[in-house]
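Listed below, chain by chain, are the residues.
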Amino acid sequence: MSRAVCTRCGADRAAIELACPGCGHRPSRDGLLVAWLVSDANLSPEDLDAAAARIRAGQPLHPTRAQLERARRALGAHLTSDPGLPVSQRVALLVIGLAITPLPGLILWYWWRASRPRASLQALALSLPAGVFYIVLVLVLRLA
Ligand SMILES: [Zn+2]
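My aim in this report is to walk through the structure given alongside it, one point at a time. (Residues numbered from 1 in each chain as written. Predicted model: local features only at pLDDT ≥ 70, side-chain atom pairs only at ≥ 80, totals over all residues.)

1. Digging into the overall build of the chain
The helix and strand tally for the chain stands at six helices and two strands. Reading the helices (α) and strands (β) of the chain from amino to carboxyl end gives β-β-α-α-α-α-α-α. In terms of overall dimensions, the chain is more spread out than a globule: its C-alpha atoms have a radius of gyration of 21 Å, far above the 15 Å expected for 144 residues. Overall size of the chain, expressed as C-alpha extent along the three principal axes, is 70 × 25 × 25 Å. Sorting the 144 residues of the chain into buried and exposed places 26% on the buried side. In the chain, of all internal contacts separated by at least 6 residues, the share reaching a separation of at least 24 is 55%. (Helix = DSSP H or I, 4+ residues; strand = E, 2+ residues; numbered from the N terminus. Rg over C-alpha atoms; globule rule 2.2 N^0.38 Å. Buried ≥ 20, exposed ≤ 12 C-beta atoms within 10 Å, placed from the backbone. Contact = placed C-beta atoms within 7 Å.)

2. Here we look at the packing of helix H4 (residues 87–99) against helix H6 (residues 117–143)
Relative orientation of the contacting elements H4 and H6 amounts to 20 degrees, with a least axis distance of 8 Å. Classified by the angle their axes make, H4 and H6 are roughly parallel. In the crossing of H4 with H6, the sense of the turn from one axis to the other is right-handed. Of the residues in H6, those in contact with Arg90, Leu93, Leu94, Gly97 and Leu98 of H4 are Gln122, Ala123, Leu126, Ser127, Ala130 and Phe133. In terms of residue class, the contact of H4 with H6 is made up of seven nonpolar, three polar and one charged. (Axes fitted to C-alpha atoms, helices over the stretch in contact; angles between N-to-C directions. Parallel < 35°, antiparallel > 145°, perpendicular 65-115°, else oblique. Left-handed = near helix turned anticlockwise from the far one by under 90°. Nonpolar A, V, L, I, M, F, W, Y, C, P; charged D, E, K, R; others polar.)

Put into structure tokens, the structure is as follows:
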């Protein structure tokens, strides 16, 4: 069984993505990166005990950029490990961007930028030209 320390109250839990039995805190998004850093995937049992004691004492965690990057890589949300969007979704995003509005692609780009970096960039790459096309089309239709 794996062990993770709650980043809010310092209690033990079985996995980083589970709600804390002590306080109910369930990390999400970047909180998962910090949660991974104080889990047995990253720390020895002794270091975990020390981290739990610090959290219980009210000392905030200040992970460095390098630590967060290591956690991101370990959790798979990295440009090199994110598989990105399948072709069908890319085509759908482009068609929606050109025919209706590029807004969904821009929202997905913003939404996914930390958790799915490759999919996020693909959404931006498909929606930005569609957005320019959309604006030009609106201007042309207004002038005509
Ligand atoms: Zn907790």
